[in-house]
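Here are the chains, one letter per residue:
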Amino acid sequence: MSGGGGKGSIRFKIPNKLLYAQVIECFPMSSLGKATNIFWQECSVGKLDRQKLLNQKGCVVWITGLSGSGKSTLACTLGRDLHGRGKLSYILDGDNLRHGLNKDLGFKAEDRAENIRRVGEVAKLFADSGLICIASLISPYRRDRDSCRALLPESSFIEVFMNIPLEICEARDPKGLYKLARQGNIKGFTGIDDPYETPLNCEIEIKPEDGVCPPPAAMSSQVVTFLEERGFLHA
Ligand SMILES: Nc1ncnc2c1ncn2[C@@H]1O[C@H](COP(=O)(O)OS(=O)(=O)O)[C@@H](OP(=O)(O)O)[C@H]1O
Ligand SMILES: Nc1ncnc2c1ncn2[C@@H]1O[C@H](COP(=O)(O)OP(=O)(O)O)[C@@H](O)[C@H]1O
């Protein structure tokens, strides 16, 4: 076998079948295709131990709603309120994750589905670590949200629906994206020319009363009360 090749590449010349077999033996199961022969590794410190240490129960608070509906505002306020109570949480924000983990994804339905799938898997790991994971993403498709719910143990996926009318979200327009979408400069913008499927089985709904949106502290308190009542704030 000899190495060589053009700029930036390595080429291998395999002179006979025997040598080829030796190469395969040295590098069995290439990483091409899906992984096989993988095993689950158990460790002696488990979820219950971690929860005891933290005096809380791991769960996922999944905040869904239109752009501008207040997802990030609720996530941050909730994170701060939990911190104030000595509870450990971590925020997975759609916009932020699209700068790293999900920077290869766009806004086609398949890309949004993959975005939600990845975040759902990460959220599951955070919940298993004992943390209160706060995921705030538009997550417009019911099927994608339900798939994330199915990853979590019974009742530890808490779906929060920001039921804020499009007109309010559009009037807020803090990033100017609705304006661009209305002008046709962003295609496939949720609520304008892309769908948002409202939840059918959410645990918490945040909505305006008499046309007035609850302030951030009230939205957060609604979630904290739920977590308290369901026993997530104690081991
Ligand atoms: N076409 C289109 N549709 C919707 N949103 C768009 C789009 N293009 C960019 N943005 C910005 O991306 C943020 C939403 O990212 P998410 O990862 O939460 O979206 S999704 O759950 O995959 O649908 C969203 O952030 P939020 O405003 O915080 O919701 C927007 O800032
Ligand atoms: N409960 C609320 N009442 C009034 N304004 C709010 C409320 N929640 C969020 N906002 C404002 O609306 C805008 C969009 O909120 P944001 O949390 O960024 O929404 P999202 O993350 O869903 O896009 C921001 O300017 C924010 O300050």
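Up top is the structure.
A few points on the structure. (Residues numbered from 1 in each chain as written. Chains lettered and ligands numbered in written order. Predicted model: local features only at pLDDT ≥ 70, side-chain atom pairs only at ≥ 80, totals over all residues. Heavy atoms only, no water.)

## Notes on helix α6 (residues 142-151)
Turning to α6, its buried residues number three or more, namely Asp-144, Arg-145 and Cys-148. End-on, the buried residues of α6 take up no more than an arc of 100°, which puts them together on one face. Facing away from the buried side of α6 by over 90 degrees, the exposed positions are Arg-143 and Ala-150. Those residues of α6 that are buried lie in contact with β1 (59-64), α5 (109-128) and β4 (157-162). (Buried < 20%, exposed > 50% of the residue type's maximum accessible area, 1.4 Å probe, protein only. Helix = DSSP H or I, 4+ residues; strand = E, 2+ residues; numbered from the N terminus. Arc of directions from axis to C-beta. Contact = heavy atoms within 4.5 Å.)

## Examining the layout of surface pockets
The computed volume of the largest pocket comes to approximately 610 Å³. Ser-67, Lys-71, Asp-95, Ile-138 and Lys-175 are, among the 31 residues lining the largest pocket, the residues nearest its centre. If you list the elements that add at least two residues to the lining of the largest pocket, you get α3 (71-84), α4 (94-97), α5 and α8 (177-182). For the lining of the largest pocket, the class distribution of residues is 11 nonpolar, 12 polar and 8 charged. The computed volume of the second largest pocket comes to approximately 290 Å³. Lining the second largest pocket, in full, are Trp-40, Gln-41, Glu-42, Cys-43, Val-45, Gly-46, Lys-47, Arg-50, Glu-121, Lys-124, Leu-125 and Asp-128. (1 Å grid on protein atoms, 1.4 Å probe; cavity = no way out; pocket = protein on both sides within 12 Å on 5 of 7 lines; lining within 4 Å. Points joined across faces, edges and corners; volume = space filled by probe spheres on them. Nonpolar A, V, L, I, M, F, W, Y, C, P; charged D, E, K, R; others polar.)

These values are about where atoms sit, not about what they do.
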